[in-house]
Amino acid sequence: MTHDRTPAGNRPRRIRLLAVVCAAGVAVVTTALLAGFHTELHPITPDEPNGARSELVTTEKVGIRTFTPPAAGVTVDPDVVYGTQGDGTLLTLDVCSPPTDETISARPAVLSIHGGSWARGDKGNSDWRAVCQWLASEGFVAFSVNYRLAPAATFPAAIDDVSLALEWIRSEDNAEAYGVDPDRIGVFGGSAGGNLAALLGARGTGSLIHGSRVAAVAELSAPVDLDIKRMASDGTAAGLRLSALAYLGCAAELDDVDRAAADCPQAHEASATSELDASDPPVFIGASDTEYVPLSQSERYAAELAKLGIRHELVTVPGTLHSIGILDEAMRARVAAFLHSALGA
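So, how was this worked out
- Residues numbered from 1 in each chain as written.
- Predicted model: local features only at pLDDT ≥ 70, side-chain atom pairs only at ≥ 80, totals over all residues.
- Heavy atoms only, no water.
- Helix = DSSP H or I, 4+ residues; strand = E, 2+ residues; numbered from the N terminus.
- Buried < 20%, exposed > 50% of the residue type's maximum accessible area, 1.4 Å probe, protein only.
- Contact = heavy atoms within 4.5 Å.
- Areas by Shrake-Rupley, 256 points an atom, 1.4 Å probe, with all protein chains shown as cover.
- 1 Å grid on protein atoms, 1.4 Å probe; cavity = no way out; pocket = protein on both sides within 12 Å on 5 of 7 lines; lining within 4 Å.
- Points joined across faces, edges and corners; volume = space filled by probe spheres on them.
- Nonpolar A, V, L, I, M, F, W, Y, C, P; charged D, E, K, R; others polar.
- Core = buried A, V, L, I, M, F, W, Y, C linked by side-chain atoms within 4.5 Å.
- Pairing = 2+ DSSP bridges.
- Polar contact = N/O pair within 3.5 Å; in protein donor to acceptor, adjacent residues only side chain to side chain.
- Phe/Tyr/Trp six-rings, centres within 6.5 Å; stacked < 30°, edge-to-face > 60°.
- Axes fitted to C-alpha atoms, helices over the stretch in contact; angles between N-to-C directions.
- Left-handed = near helix turned anticlockwise from the far one by under 90°.

Undergrad: Honestly, the overall build of the protein chain in this entry has me stumped. Any pointers?
TA: In terms of helices and strands, the protein chain carries twelve helices and nine strands. Every one of the 345 residues in the protein chain was classed for burial, and the buried ones make up 56%. By sequence separation, contacts in the protein chain at least 24 residues apart represent 75% of the contacts at least 6 residues apart. With an accessible surface of roughly 13,700 Å², the protein chain has 52% of that area assigned to carbon and sulfur atoms.

So, in structure tokens, the structure goes:
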């Protein structure tokens, strides 16, 4: 059975997050809602049945919901504090560890980043908890992270937070406490979390084993290019462009998206496609062919990686499912194989 545990020795400070009671009876009335990019906020709590408020809005058993956590071995250490915000608010992550193996001194790690339009979501909802457990079942030490959300915190708050989490994992004390090889750390994210994962991989230059650099990136359904004009030319719905502007701190009304975009230079810095260089790590890209985030985003990302000679893999599946909604058994096998190869696991 999966259970919670506290590592021996110096225990990192932790805090239990208060559960937020979600309002019932919210109607799913637009394609944007079905696809997981919302213009209204839906808080998620770790105890919500079926995790229906993740970016995988449907209650159907698809994607990551087809994963059954192992009956024994994988442990979950929840709500570990990895830093604080400027106002003193604590930043937390969950740690999912593989079964103990005394023959292995240090394992590769994967930082897992939840989605939710940069404005909602939680590492502990049942969908993302399953992602954390799945990664641990593959032999990785998985760290499922929370980060500051828009509109209260705008770019670069979220990417700064996940970068801080990566540095926290890599620190000597924490790497030792959780049995992590600090030279073999990757990142996985879906939807807005995929945007952050891709940007984390593209930020910085040179060695992939220091600071907040990562050795591998895997993302699903990520809007990796936040240039609003290009998003519009891709056929991106206005609701998603509005969500991006809110995250970037370029507030706009639904009928004023294009004008606000003209005054939003931070879109460039928030786009992985603008930050790439030849020293960046290998990348796995997964997407549905007709989902809410246009496939052209993934194809353009792959093309930019190819220009730089960066190893990458683009896997598309038919249909409209989004983010971890496509993380079924076949996709899990593809992502796991990529991470094992890239991280030398």
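Following the structure, the description resumes.
Undergrad: Help me understand empty space enclosed by the protein, please; the structure alone is not making it clear to me.
TA: The gaps left among the atoms become clear once a water-sized probe is rolled over them. Tallied over the entire structure, the rule returns one cavity of 30 Å³ or more. Estimated volume of the largest cavity: approximately 30 Å³. Counting residues per element, the lining of the largest cavity draws most heavily on helix α5 (residues 192–202), which supplies three residues. Residue composition of the lining of the largest cavity, by class: nine nonpolar, one polar and one charged.

Undergrad: Just to check I follow, could you spell out the nonpolar core for this structure?
TA: Note that soluble globular proteins tend to have their nonpolar side chains buried in a common cluster. Counting residues in each nonpolar core, the largest one holds 60 residues, and the members touching the most others are Leu-111, Phe-143, Tyr-247 and Tyr-301. If near-sequence neighbours (up to four positions away) are discounted, Leu-111 is found in contact with Phe-143, Val-145, Val-162, Ala-165, Leu-166, Ile-169, Gly-186, Val-187, Phe-188 and Leu-200. The next biggest cluster of nonpolar side chains, apart from the first, holds 32 residues, and it includes Phe-67, Val-131, Cys-132 and Ala-142.

Undergrad: What is the right way to read α5 from this model?
TA: Residue pairs three or four apart in sequence face the same way in an α-helix, which turns once every 3.6 residues. Counting buried residues in α5 gives eleven out of eleven residues, a clear majority hidden from the surface. In the stretch just after α5, Gly-204 is the one whose phi turns positive, near 80°.

Undergrad: Can you help me understand the pairing of strand β2 (residues 75–84) in this one?
TA: On any regular strand, side chains alternate: one points to one face of the sheet, the next to the other face. When you tally the buried positions in β2, you get nine out of ten residues, the bulk of the element. For β2 and strand β3 (residues 90–97), the ladder comprises seven bridges, and the chain directions are antiparallel. Counted as the bridge partner of Val-76 is Cys-96 from β3. Linking β2 back to β3 in an antiparallel pair, the connection comprises five residues, with Gly-88 at a positive phi of about 90°.

Undergrad: Help me out: how do you make sense of the side chain of Arg-213 in this one?
TA: The topology assignment puts Arg-213 in the loop between α5 and β7 (216–220). Looking at Arg-213, its side chain comes within polar contact range of the main-chain oxygen of Arg-203, at 2.7 Å. There is a polar contact of 3.0 Å between the side chain of Arg-213 and the side chain of Ser-279.

Undergrad: Looking at this model, I keep getting lost on the packing of aromatic side chains. Mind explaining?
TA: Here the distance between the centres and the angle between the planes together describe a pair of aromatic rings. Applying the stated rule across the entire model yields seven aromatic pairs. Relative to Tyr-247, the ring of Phe-155 lies with its centre 5.9 Å away and its plane at 75°, an arrangement referred to as edge-to-face. Taken together, the residues span a long stretch of sequence, with Phe-155 in the loop between β5 (141–145) and α3 (157–170) and Tyr-247 in helix α7 (residues 238–248) at a distance of 92 residues. An identical accessibility class is assigned to Phe-155 and Tyr-247; each is buried. A centroid spacing of 6.2 Å and a plane angle of 45° characterise the contact between Trp-168 and Tyr-178, whose relative ring orientation is tilted. A residue pair is termed long-range when its members are at least 10 positions apart, and Trp-168 in helix α3 and Tyr-178 in helix α4 (residues 172–178) qualify at ten residues. Pair check on accessibility: Trp-168 and Tyr-178 agree, each one buried.

Undergrad: Teacher, can you tell me more about the packing of α3 against α5 here?
TA: Packed helices, taken two at a time, are described by their axes: the angle between them and the distance between them. Packing of α3 against α5 brings their axes to within 10 Å, and their N-to-C directions diverge by 65°. Read as a crossing pair, α3 and α5 show a hand that is right-handed. For the pair formed by α3 and α5, the contact residues are Ala-158, Ile-159 and Ser-163 on the first element and Leu-196, Leu-199 and Leu-200 on the second. The class makeup of the residues in the contact of α3 with α5 is five nonpolar, one polar and no charged.

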